[in-house]
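Given next are the chains, with one letter for each unit.
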Amino acid sequence: MGFKCGIVGLPNVGKSTLFNALTQSAQAQAANYPFCTIEPNVGEVPVPDPRLDKLAAIAKSEQIIPTRLTFVDIAGLVRGASQGEGLGNQFLAHIREVDAIAYVLRCFENPDVIHVEGRIDPIADADTIETELMLADLESLERRLPILEKKIRAQEKEAKQTLELIERILPLLREGKPARLVPIEEEERALFNALGLLTSKPVLYVCNVDEASTATGNTYSALVEKRANAEGAGCVVISAKIEAELAELPEAERQGYLAELGLAEPGLNRLIREGYKLLGLVTYFTAGPKEARAWTVPEGTRAPQAAGVIHTDFEKGFIRAETIPYDDYISLGGEAGARDAGKLRLEGKEYVVKDGDVLHFRFAT
């Protein structure tokens, strides 16, 4: 089960530098001119989770396998992208394929790095991105109206429901507000998702600051954080330059470098975790002598579907799940201790998997 977080931003905001550091690769060419990244670069990254190491130590696992998140570095957007300016059409098409969007915003001053609009204003940059996405959504929905009206005349029930939904979304877009702000009932969720709206996706604001501001942020990032809080969106302050330097250091030297900067961990760890949180994901674990492994499922996933992430046969033949909460597994020294203490539960098909569950699935072949 793959989850993708798109990295977007205006040209020259440090987006590709951040992606390179994130994936510890040089897949995305970083340069001081617009449209350096034309095709999207894709990188899978492990989600940092210290719980996994502790589970592996208790289970004496030979291998540790973290869960992973996919980041997609998408070409820089410019004003007019919704009308095809720059690489507009490619940009918008690639965004449709991701599950959430990280807006990388320039929150640093550097006269040697060109800003495509000639000023440093992260809020205006965020508005430019959002406006282009909203205009593309508006055009997409308005094109559908005559087609849906024909289907309604042909008595197609789903067409009527879709039209009613679109008629609730359009006024919001016309007011300059994203589609994700439209209240959606659970039974409408599938129809809403099928519309493929760019502004329906959850957003994470990434403030790319100078090295001196990486631990505390600055006046630019404070403005972005205020906006994120007002919207209920995520926000991460990070220095792409520092993260790029950190990625080039040997593993043994990284912690010392972080300590000198007053940081407890790489900013990328926070970015990855926020992206994971943004997508509404939870982690469950399997642990044994062969491997300790983290698995990703959406919040609200029931036990059979969680088992299906490991193998489809597990879901088809699901009988029950042996379940131990993470804290009990650690404090009681593993599966045997949890069982003896009565903390190992047998859960059936209706059980909703919780973050941190240590699971063993029983299934019929």
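Residues numbered from 1 in each chain as written. Predicted model: local features only at pLDDT ≥ 70, side-chain atom pairs only at ≥ 80, totals over all residues. Heavy atoms only, no water.

Colleague: I would appreciate a short explanation of the packing of aromatic side chains in the present structure.
Modeller: Here a ring pair, both rings aromatic, is described through the centre-centre distance and the interplanar angle of the planes. Applying the stated criterion across every chain yields a total of 6 aromatic pairs. Ring centres 6.3 Å apart and planes at 45° place the aromatic pair Phe285 and Tyr326 in the tilted group. Taken as a pair, Phe285 in strand β8 (residues 281–287) and Tyr326 in helix α13 (residues 326–331) lie far apart in primary sequence, 41 residues in all. Summarising the burial analysis for this pair, Phe285 and Tyr326 share the class buried. An aromatic cluster of at least three residues, connected via ring pairs, comprises Tyr284, Trp295, Phe318 and Phe361. Against the face of Tyr326 rests Arg51, its NZ or CZ located 5.9 Å from the ring centre. (Phe/Tyr/Trp six-rings, centres within 6.5 Å; stacked < 30°, edge-to-face > 60°. Helix = DSSP H or I, 4+ residues; strand = E, 2+ residues; numbered from the N terminus. Buried < 20%, exposed > 50% of the residue type's maximum accessible area, 1.4 Å probe, protein only. Lys NZ or Arg CZ within 6 Å of the ring centre and 35° of its normal.)

Colleague: Please explain the packing of helix α1 (residues 15–23) against helix α8 (residues 240–248) as it appears in this structure.
Modeller: A pair of packed helices is characterised by two quantities: the angle between their axes and the separation of those axes. It is the contact of α1 with α8, at a shortest axis distance of 8 Å, that shows an interaxial angle of 30°. Judged by the inter-axis angle, α1 sits roughly parallel to α8. The element α1 and its partner α8 pack so that their crossing is left-handed. Counting all contacts with α1, which are made through Thr17, Leu18 and Ala21, the residues of α8 involved are Ala240, Glu243, Ala244 and Ala247. By residue class, the composition of the contact of α1 with α8 is 5 nonpolar, 1 polar and 1 charged. (Axes fitted to C-alpha atoms, helices over the stretch in contact; angles between N-to-C directions. Parallel < 35°, antiparallel > 145°, perpendicular 65-115°, else oblique. Left-handed = near helix turned anticlockwise from the far one by under 90°. Contact = heavy atoms within 4.5 Å. Nonpolar A, V, L, I, M, F, W, Y, C, P; charged D, E, K, R; others polar.)

Colleague: How do you make sense of the pairing of strand β6 (residues 203–209) when you look at a structure like this?
Modeller: Moving residue by residue along a regular strand, the side chains alternate between the two faces of the sheet. Across the 7 residues that make up β6, a large majority, 7, are buried. Here β6 shows a buried face lined by Val203, Tyr205, Cys207 and Val209 and a second buried face lined by Leu204, Val206 and Asn208. Bridge count for β6 against strand β7 (residues 234–238) is 5 bridges, and the pairing is parallel. Paired with Leu204 across the strands is Gly234, a residue of β7. (Pairing = 2+ DSSP bridges.)

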